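The lines below spell out each chain.
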Amino acid sequence: IDAAAVTFDGAWAAVGFHTNSESGLAQIRLDGSLQETVDLYSAGDGLLERVYPVATGTHTLTVEVVAEGGQGQWALVDWRVGAEPIRNGYGWKVAG
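Read on for an overview of the structure.

About the thresholds
Residues numbered from 1 in each chain as written. Predicted model: local features only at pLDDT ≥ 70, side-chain atom pairs only at ≥ 80, totals over all residues. Heavy atoms only, no water. Core = buried A, V, L, I, M, F, W, Y, C linked by side-chain atoms within 4.5 Å. Buried < 20%, exposed > 50% of the residue type's maximum accessible area, 1.4 Å probe, protein only. Helix = DSSP H or I, 4+ residues; strand = E, 2+ residues; numbered from the N terminus. Contact = heavy atoms within 4.5 Å. Polar contact = N/O pair within 3.5 Å; in protein donor to acceptor, adjacent residues only side chain to side chain.

### Points about the nonpolar core
Within the largest apolar cluster, 14 residues are counted, with the highest numbers of intra-cluster contacts made by Val15, Phe17, Ile28, Val38 and Leu61. Of all the secondary structure elements, the ones that give two or more residues to this core are β1 (2-19), β2 (25-30) and β4 (46-66). A total of five residues in this core trace back to one element, the largest contributor, which is β4. Dropping the residues within four chain positions of it, Val38 is found in contact with Phe17, Gly24, Leu25, Ala26, Ile28, Leu48 and Arg50.

### A short note on the side chain of Ser23
Within the secondary structure layout, Ser23 lies in the loop between β1 and β2. Taking relative accessible area as the criterion, Ser23 reaches 0% and is therefore assigned buried. Among the polar contacts listed, one links the side chain of Ser23 to the side chain of Asn20, at a separation of 3.0 Å.

As far as function goes, none of this settles anything; it's purely spatial.
Have a look at this one:
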């Protein structure tokens, strides 16, 4: 299993991925609950971003690479978290 996790105190978590022809699928979990599976494959280099609002408190964000079929087997991921409640309009896609 290829996974990375971060525990944080806050009201939201943002995840950014680099997409390309060698990237696969990634599962995003908050506090153990699957939020979504994202497809990181693209013909050229690109970016995919998600924001997850949560109740203020301590949370764990986990990203796991899930290789399936002809998909690649890696993901380049970055994240950030915030203490204030999230507001739309930051240029991020709010998931959910």
